[in-house]
Amino acid sequence: MIKAPNIILVGPMGAGKTTIGRLISQSMGKEFYDLDKVIEDNAGADIPWIFEREGEEGFRRRETQALASIAESDAGDCVLATGGGIVMREENRDILRENALVVYLYASVAQQLYRTSKSTHRPLLQTGDPKAILKKLFEVRDPLYREVATLVIETDARHPRSVANKVLDAIRRHLKMEITVS
Ligand SMILES: Nc1ncnc2c1ncn2[C@@H]1O[C@H](COP(=O)(O)OP(=O)(O)OP(=O)(O)O)[C@@H](O)[C@H]1O
Ligand SMILES: O=C(O)C1=C[C@@H](O)[C@@H](O)[C@H](O)C1
Ligand SMILES: [Mg+2]
């Protein structure tokens with residue numbers, strides 16, 4: 001049997017990367033990592049604290065280090081949920097493309113807004129009108145998510161379990177296709 005590669009989920013805040021990542025890791029029998037959590041564990045502090053003390057630039061440095069160490073070392077054995085801004089650095093996009101099967105979880109701005117509205121742990125949404133911020137981020141980032149992704153999965157109007165099943169089906173189909181063409 002051909003071993004599946006590392007699976008990395010990208011997409012905006014509230015797309016469901018953490019939720020869906022955990023579900024598909026269980027189904028695939030792979031280790032699950034959430035990059036935001038890895039960054040927090042490495043720093044011994046939470047994301048709002050890192051943004052406050054080190055600025056977004058400090059957070060992005062930590063994010064690149066954490067991504068590189070997981071993507072390049074955990075050969076084929078993990079599902080990694082990233083943070084919404086992972087595609088902002090070209091260096092990160094190269095790591096993503098070279099080391100994993102990347103899945104873009106697409107969510108409309110309306111869904112992003114709804115799903116992020118119940119929590120206050122995302123510093124970028126604390127500085128103004130969340131809808132306008134999410135819209136602006138989406139305009140910049142949607143093409144970058146598409147640039148690194150092998151698979152794009154729509155998540156609006158779907159229960160997390162149903163999104164997870166859709167992702168698993170798409171991965172299976174994709175890997176079979178890779179086997180027949182190579
Ligand atoms: N398909 C879905 N339908 C409805 N709610 C969802 C769906 N996916 C995730 N959620 C809910 O949306 C919220 C945000 O999900 P989650 O934290 O998984 O997003 P994320 O993509 O990891 O965001 P971030 O980039 O900020 O880490 C959670 O409360 C989760 O339960
Ligand atoms: O969209 C972003 O830039 C971010 C998303 C979160 O997952 C965290 O990684 C952090 O709050 C930044
Ligand atoms: Mg998350």
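Throughout, a residue's number is its position along its own chain's written sequence, starting from 1. Just so you know, chain letters begin at A and ligand numbers begin at 1, following the order they were written in. This being a predicted model, a pLDDT of at least 70 is required before a residue's local features are given, and a value of 80 or more before pairs of side-chain atoms are given or counted; all residues contribute to the totals for chains, interfaces and linings. Water and hydrogen atoms were dropped before computing side-chain values, which therefore reflect all heavy atoms in the structure.

A. Expanded view of the pattern of salt bridges. The term salt bridge refers to a side-chain nitrogen of Lys or Arg lying within 4 Å of a carboxyl oxygen of Asp or Glu. Considering all chains together, one arrives at twelve salt bridges under this definition. Notably, a salt bridge pairs R93 with E147, separated by 3.3 Å at the nearest N-O pair. With R93 in helix α4 (residues 90–99) and E147 in helix α6 (residues 130–148), the pair connects residues that are 54 residues apart, well separated along the chain. By sharing partners, the salt bridges in this structure join R93, D94, R97 and E147 into a single network. Put simply, DSSP marks the helices as runs of H or I at least four residues long and the strands as runs of E at least two long, and each gets a number from the N terminus on.

B. Looking closely at the site of ligand 1. Put simply, a residue is near a molecule or strand once any heavy atom of it comes within 4 Å of that molecule or strand. In the region of ligand 1, 16 residues are neighbours, and K17, T18, T19, R122 and R158 sit closest. Here a polar contact is taken to be a pair of N or O atoms separated by no more than 3.5 Å, where protein atoms must pair a possible hydrogen donor with a possible acceptor and residues adjacent in sequence count only if both atoms sit in side chains. Measuring from an oxygen atom of ligand 1, one finds a side-chain N or O atom of K17 at 2.7 Å. Here an oxygen atom of ligand 1 sits 2.5 Å away from a polar atom, N or O, in the side chain of T19. When isolated, ligand 1 has an accessible area of 640 Å², and the protein chains bury 76% of it. Elements with a contribution of two residues or more to the shell around ligand 1: α1 (17–28) and α7 (160–181). Top element by residues in the shell around ligand 1 is α1. It accounts for three residues. In short, Shrake-Rupley with a 1.4 Å probe defines the accessible areas, and a residue's cover is counted only from the protein chains shown.

C. View of the UniProt feature "binding site: ATP" (unreviewed entry) in the protein. Within this numbering scheme, the UniProt entry marks G14, A15, G16, K17, T18, T19, R122 and R158 as carrying the feature "binding site: ATP" (unreviewed entry). These annotated residues cover 145 residues of sequence, and their C-alpha atoms sit far apart, with the largest distance between any two at 23.2 Å. Residue position: R122 is located in the loop between α5 (109–116) and α6. Setting aside its immediate chain neighbours within four residues, R122 contacts M13, G14 and T116. Tracing the backbone through its elements, the reader meets R158 in the loop between β5 (151–154) and α7. When checking whether two residues touch, look at their non-hydrogen atoms; a contact exists if any pair is within 4.5 Å. Among all residues touching R158, those that are not within four sequence positions of it are V163 and K166. UniProt positions are given in the numbering used here, feature names are shortened, and annotations may be inferred rather than shown by experiment.

D. Spatial organisation of the site of ligand 2. Surveying the vicinity of ligand 2 reveals the residues M13, D36, I47, F59, R60, G83, G84, G85, P123, L124 and R141. At 2.7 Å from an oxygen atom of ligand 2 is found a side-chain nitrogen or oxygen belonging to R60. Sort the elements by how many residues they give to the shell around ligand 2 and helix α3 (residues 47–73) lands first, with three residues. Only Asp, Glu, Lys and Arg are considered charged in this grouping, and only Ala, Val, Leu, Ile, Met, Phe, Trp, Tyr, Cys and Pro are considered nonpolar; every other residue, Gly among them, is considered polar. A class-by-class count of the residues in the shell around ligand 2 yields five nonpolar, three polar and three charged.

E. Here's a closer look at the sheet that holds strand β2 (residues 31–34). When DSSP finds two or more bridges between a pair of strands, those strands are recorded as paired. Pairing in this open sheet of five strands is parallel, and the strands run β2-β3-β1-β4-β5 from one edge to the other. The sheet is open, and its two borders are formed by β2 and β5, each paired with just one other strand. With strand direction ignored, the average angle separating the axes of adjacent strands in the sheet is 20 degrees. Sheet topology places strand β1 (residues 7–10) next to strand β3 (residues 78–81); three bridges connect them, and they run parallel. Pairing of I7 across the sheet is with V79, part of β3. Axes, fitted as lines to C-alpha atoms, cover a helix only where it is in contact. Angles between the N-to-C directions of the axes lie from 0 to 180 degrees.

F. Quick peek at the nonpolar core. Nonpolar cores were defined as sets of buried Ala, Val, Leu, Ile, Met, Phe, Trp, Tyr and Cys residues, with membership established by side-chain atoms within 4.5 Å. Only protein chains enter the calculation, and the probe is 1.4 Å; a residue is then buried if its accessible area is under 20% of its type maximum, exposed if over 50%, and partly exposed in between. With 33 residues, the main nonpolar core has V10, L35, L67, I86, V87, L96 and V102 as its most contacted residues. Setting aside residues no more than four positions away along its own chain, I86 makes contact with V10, L35, R60, E63, L67, N92 and L96. Within the second largest apolar cluster, 22 residues are counted, among which are I20, I24, L101 and V103.

G. Focus on the UniProt feature "binding site: substrate" (unreviewed entry) in the protein. As annotated in UniProt, the feature "binding site: substrate" (unreviewed entry) corresponds to D36, R60, G84 and R141 in the numbering used here. For D36, the position within the fold is in helix α2 (residues 35–43). Overall, D36 belongs to the partly exposed group, its relative accessible area being 24%. Apart from residues no more than four positions distant in its own chain, D36 is found in contact with I47, F59 and G83. With respect to the helices and strands, the residue R60 is situated in helix α3. Under the relative-accessibility criterion, R60 is labelled buried at 7%.

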